[in-house]
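# Results of the structural survey
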Amino acid sequence: MPAETRDSMVPGLPSGDPGPDTLVLGIETSCDETAAACVRGGTEVLSSVVSSQVDLHARYGGVVPEVASRAHNELIIPVLAQSMVEAGVEGPDVDAVAATTGPGLIGALLVGVSAAKALALTWDVPFVSVNHLEAHLYAALLDEPDLEFPLLVLLVSGGHTMIVEMDGHGDYRLIGQTLDDAAGEAFDKVARFLGLGYPGGPAIDAAALNGDPAAIPFPRPMLNEGFDFSFSGLKTAVVNYVRENPDDSTEDIAASFQAAVVEVLVAKARRAAKASGAKALALGGGVAANSLLREQFLGACADDGIQGFLPSRAMCTDNAAMIASAGWYRLSGDGPSPLSTGANARDRMF
Ligand code: KG4
Ligand code: ZN
């Protein structure tokens, strides 16, 4: 079927714009989590089901794309069904279906996007394409839907590290980003080097609890230079240190590395908030689950007299509630997405 014919079949919402009762079914399959969620009115999470493939990928020390796609294929129907049962909703109750269309692993994305389009066509409701990074911004707003703009978000995940100014829904400005490794990537690589396993972030977080954060003065890359980040040199500093000091405590190394990453993240976010005159600062992305980052972030916000918003840990890492939420706002701003919108591994927010 030609794309124009398919797009002319895109249904709208029966009542026009989405409202507080509009129920969006969200689907997330961009990496190694198969997730589905039912969210009403953009913020009321009725269910959020996440099936992690961590055990499947752990033996390889990282995500294997082909293994991820196959697992999504097996899990997508049961995960979708569970999210609807937990929310107590049936097909006719769903007003729109939103899915992550990118960025992510192409084979993995395709599973969620195809499922979302099939359900939207079956139920005759809108399909909504959601950018995964935009959804991470919305995770912080799930508990605080009435935030005042401008809002600054420190988005720290496995693939991205950025400071984003949010001037309104769908209105974003990039303030700074990593020039090399993402913060989560640095956690994962250092953890693998230290033999702490995969995923590295939670492993370092746990090991650091028993270590001394001041034991080793690792560098704080670009601490006083602008709003961009760089973590690859810090990772190399850890590797070199361990090679020269093989008997040092792994817990001290983990704690000292974590302290360096967190100090840079918090310092830049609070400086960006001051410079932009933002009314609030929020955290998002998997690394936002980090204990030290959460503690120091809230401490910095309190010291600076600025509102600080932390998503719950479950909403930091990949989930579909943030997709359904961002989908609701996207539906308000742009309406349904054409069914010709495909999965895009390199989809950009800016
Ligand atoms: O947002 P996310 O679930 O997936 C991406 O979009 O990338 O983030 C995953 C990243 C991984 O690098 C993981 O190691 C990191 O978040 N992470 C953590 C913690 N929990 C997850 N990093 C530090 N401390 C944690 N507690
Ligand atoms: Zn993510």
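As the structure is a prediction and not an experimental result, all values here were calculated from the model.

## Description of the pairing of strand β5 (residues 127-131)
Of all five residues in β5, five are buried; the element is thus mostly enclosed. Residues Phe-127, Ser-129 and Asn-131 of β5 are buried on one face, and the alternating residues Val-128 and Val-130, pointing to the opposite face, are buried as well. In this fold, strand β4 (residues 96-102) hands off to helix α4 (residues 106-123), which returns the chain to β5; that crossover is right-handed.

## Side note on the coordination of the zinc ion (ligand 2)
Looking at the metal site, the zinc ion (ligand 2) is ligated by His-132 (NE2), His-136 (NE2) and Asp-318 (OD), spaced 2.0 to 2.1 Å from it. Considering all four donor atoms around the zinc ion (ligand 2), angles at the metal cover 96 to 128° and the coordination shape is tetrahedral. Read in sequence order, the donor residues coordinating the zinc ion (ligand 2) give the pattern H-x3-H-x181-D. With His-132 and His-136 both in helix α5 (residues 132-139), this residue pair falls four residues apart, about one helical turn. Taking relative accessible area as the criterion, His-132 reaches 8% and is therefore assigned buried. Taking the relative accessible area as the measure of exposure, His-136 reaches 1% and is therefore buried.

## Side note on the sheet that holds strand β3 (residues 44-52)
Strand order in the open sheet formed by five strands is β3-β2-β1-β4-β5, with mixed pairing between adjacent strands. Pairing within the sheet leaves two strands with one partner each, and these edge strands are β3 and β5. For this sheet, the mean inter-axis angle between neighbouring strands, taken without regard to orientation, is 20°. Judged from the six bridges that link them, strand β1 (residues 23-28) and strand β2 (residues 33-40) form a sheet pairing that is antiparallel. Paired with Gly-26 across the two strands is Ala-37, which belongs to β2. Packed on one face of the sheet, helix α12 (residues 321-334) meets β1, β2, β3, β4 and β5 and runs near 115° to β5.

## Regarding the packing of aromatic side chains
If you walk through the whole model with that rule in mind, you get five aromatic pairs. Relative to Tyr-329, the ring of Tyr-138 lies with its centre 4.8 Å away and its plane at 25°, an arrangement referred to as stacked. Separated by 191 residues along the polypeptide, Tyr-138 in helix α5 and Tyr-329 in helix α12 bring together distant segments of the chain. Judged by centre distance (5.0 Å) and plane angle (80°), the ring pair of Trp-328 and Tyr-329 falls under edge-to-face. Judged by relative accessible area, which is 13%, Tyr-329 ranks as buried. One aromatic cluster in this structure is built from Tyr-138, Trp-328 and Tyr-329. Here the guanidinium or amino end of Lys-268 rests over the ring plane of Phe-229, the centre of that ring lying 5.7 Å away.

## Examining the sheet that holds strand β9 (residues 280-284)
Backbone-to-backbone hydrogen bonds join strands into a sheet, with any given pair of strands oriented parallel or antiparallel. Spatial ordering of the open sheet is given by β8-β7-β6-β9-β10, a layout of five strands whose pairing is mixed. Of all the strands in the sheet, the pair left with one neighbour each is β8 (171-177) and β10 (307-309). Taking the axes of each pair of neighbouring strands and ignoring which way they run, one obtains an average angle of 20° across the sheet. Where strand β7 (residues 161-168) lies against β8, six bridges are found, and the strand directions are antiparallel. Each residue of the ladder has a partner; that of Met-166, found in β8, is Tyr-172.

## Thoughts on the nonpolar core
Counting residues in each nonpolar core, the largest one holds 49 residues, and the members touching the most others are Phe-218, Phe-257 and Leu-265. Of all the secondary structure elements, the ones that give two or more residues to this core are β6 (151-156), α6 (183-193), α7 (200-208), α8 (232-244), α9 (250-276), β9 and α10 (291-304). Leaving out residues up to four positions away in the same chain, Phe-257 has contacts with Ala-186, Phe-187, Val-190, Ile-204, Phe-218, Leu-234 and Val-238.

## As for the site of ligand 1
Close to ligand 1 lie 20 residues, the nearest being Gly-158, Asp-188, Gly-201, Asp-205 and Gly-286. Between ligand 1 and the protein, one listed contact pairs a nitrogen atom with a side-chain N or O atom of Asp-205 at 2.9 Å. The separation between an oxygen atom of ligand 1 and a polar main-chain atom of Asp-318 is 3.0 Å. If you list the elements that add at least two residues to the shell around ligand 1, you get α5, α6 and α7. With four residues, α7 is the single largest residue contributor to the shell around ligand 1. Here the residues of the shell around ligand 1 are counted per class, giving five nonpolar, twelve polar and three charged. Counting only domains with at least three residues in the shell around ligand 1, you end up with domain 1 (4-138 + 316-334) and domain 2 (147-315).

## What to know about the pairing of β9
With five of five residues buried, β9 lies mostly within the body of the structure. What you see with β9 is no split at all: Ala-280, Ala-282 and Gly-284 on one side and Leu-281 and Leu-283 on the other are buried throughout. As judged from the five bridges shared by β6 and β9, these two strands associate in the parallel manner. Each bridged residue has a counterpart across the sheet, and for Leu-154 the counterpart in β9 is Leu-283. Across three bridges, the pairing between β9 and β10 is parallel. By the bridge assignment, Ala-280 is partnered in β10 with Gln-307. Between the parallel elements β9 and β10, the chain passes through α10 in a crossover that is right-handed.

What counts, and where the lines are drawn
- Counting of residues starts from 1 at the beginning of each chain's written sequence and follows it residue by residue.
- Starting at A for chains and at 1 for ligands, labels are handed out in the order in which the entities are written.
- Side-chain atom pairs in this predicted model are given and counted only at pLDDT of 80 or more, local residue features only at pLDDT of at least 70, and totals for whole chains, interfaces and linings cover all residues.
- Think of the side-chain values as coming from all heavy atoms in the structure, minus any hydrogens and water.
- Each residue gets one of three labels from its accessible area relative to the maximum for its type: buried under 20%, exposed over 50%, partly exposed in between, using a 1.4 Å probe on protein chains only.
- Per the convention used, a helix needs a DSSP run of H or I reaching at least four residues, while a strand needs a run of E reaching at least two, with both numbered from the N terminus.
- With strands facing away from the observer, any crossover in which the path from the first strand over the helix to the second runs clockwise is taken as right-handed.
- For Na, K and Ca the donor cut-off is 3.2 Å, and for all other metals it is 2.8 Å, counting N, O and S atoms only; because water is absent from this set, sites may look incomplete.
- Under the classification used here, a metal with four donors is tetrahedral if each angle lies between 85 and 135 degrees, square planar if opposite donors are over 155 degrees apart and the others between 65 and 115, a six-donor metal meeting that same test is octahedral, and anything else is irregular.
- Only when DSSP finds a minimum of two bridges between them are two strands counted as paired.
- For every element, the axis is a line fit to its C-alpha atoms; helices are fit only across the contacting stretch, and the angle between N-to-C directions ranges from 0 to 180 degrees.
- Here, two residues are considered to be in contact whenever any of their heavy atoms come within 4.5 Å of each other.
- Aromatic pairing here means that ring centres of Phe, Tyr or Trp (its six-membered ring) are within 6.5 Å. Orientation follows from the plane angle: under 30 degrees is stacked, over 60 is edge-to-face, and everything else is tilted.
- Distance and angle both matter: a charge sits over a ring if NZ of Lys or CZ of Arg is within 6 Å of the ring centre and within 35 degrees of the ring normal.
- As used in this record, nonpolar core signifies buried Ala, Val, Leu, Ile, Met, Phe, Trp, Tyr and Cys residues forming a set joined through side-chain atoms within 4.5 Å.
- Nearness here has a simple test: a residue counts as near a molecule or strand if at least one of its heavy atoms is within 4 Å of that partner.
- Counted as a polar contact is a pair of N or O atoms within 3.5 Å, where, for protein atoms, one must be capable of donating a hydrogen and the other of accepting one, and residues adjacent in sequence contribute only when both atoms are in side chains.
- Classification used: nonpolar for Ala, Val, Leu, Ile, Met, Phe, Trp, Tyr, Cys and Pro, charged for Asp, Glu, Lys and Arg, polar for all others including Gly.
- Domains are outlined according to an automatic or database domain assignment.

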